[in-house]
Amino acid sequence: MSGSGSDSGSGANALECRQIAELLGDYLDGTLPRPTVELIEWHIDNCGPCVSFVNTYRGAQRATRNLAEVPIPAELKSRLLAVLRARRAAE
Ligand SMILES: [Zn+2]
């Protein structure tokens, strides 16, 4: 037998942090199902690095929203929506 290292816990935790990071956009958009949201909030409560990550992400999102406040001409907007819909239909 070749037992190597008794590193139980930290590895799984790191994996979860990755998953949290991937889900964070949807989490802040409020599009995730409740069980997933609760899981994320539970993890963040117990994970310092993720707390600061969420704060950074929220700040970045706010900055992006400010940019999005530039008014888009109605015609351009409907064209854009048409393109997006066509893409979705194609997939
Ligand atoms: Zn974490």
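Residues numbered from 1 in each chain as written. Predicted model: local features only at pLDDT ≥ 70, side-chain atom pairs only at ≥ 80, totals over all residues.

A. The overall build of the protein, seen in detail. Secondary structure assignment for the protein yields 4 helices and 0 strands. Along the protein, from the amino end to the carboxyl end, the secondary structure elements read α-α-α-α. Across the 91 residues of the protein, 2% fall into the buried class. (Helix = DSSP H or I, 4+ residues; strand = E, 2+ residues; numbered from the N terminus. Buried ≥ 20, exposed ≤ 12 C-beta atoms within 10 Å, placed from the backbone.)

B. Examining helix α4 (residues 74-90) more closely. Taking 1.5 Å per residue as the helical rise, α4 with its 17 residues ought to reach 24 Å, and the 24 Å between its terminal C-alpha atoms agrees with that figure. Of all 17 residues making up α4, only 0 are buried, and the element is barely covered by its neighbours. (Expected span 1.5 Å × (residues − 1).)

C. Representation of the confidence of the model for the protein. For the protein, mean pLDDT is 78; residues scoring 70 or higher make up 74% of the total. Here helix α3 (residues 48-68) stands out as the least confident element of the protein, with mean pLDDT 79; helix α2 (residues 34-45) is the most confident, with 91. Across residues 4-9, where pLDDT falls below 50, the model places 0 contacts with residues more than four positions away in sequence or in other chains. (pLDDT = per-residue confidence, 0-100. Contact = placed C-beta atoms within 7 Å.)

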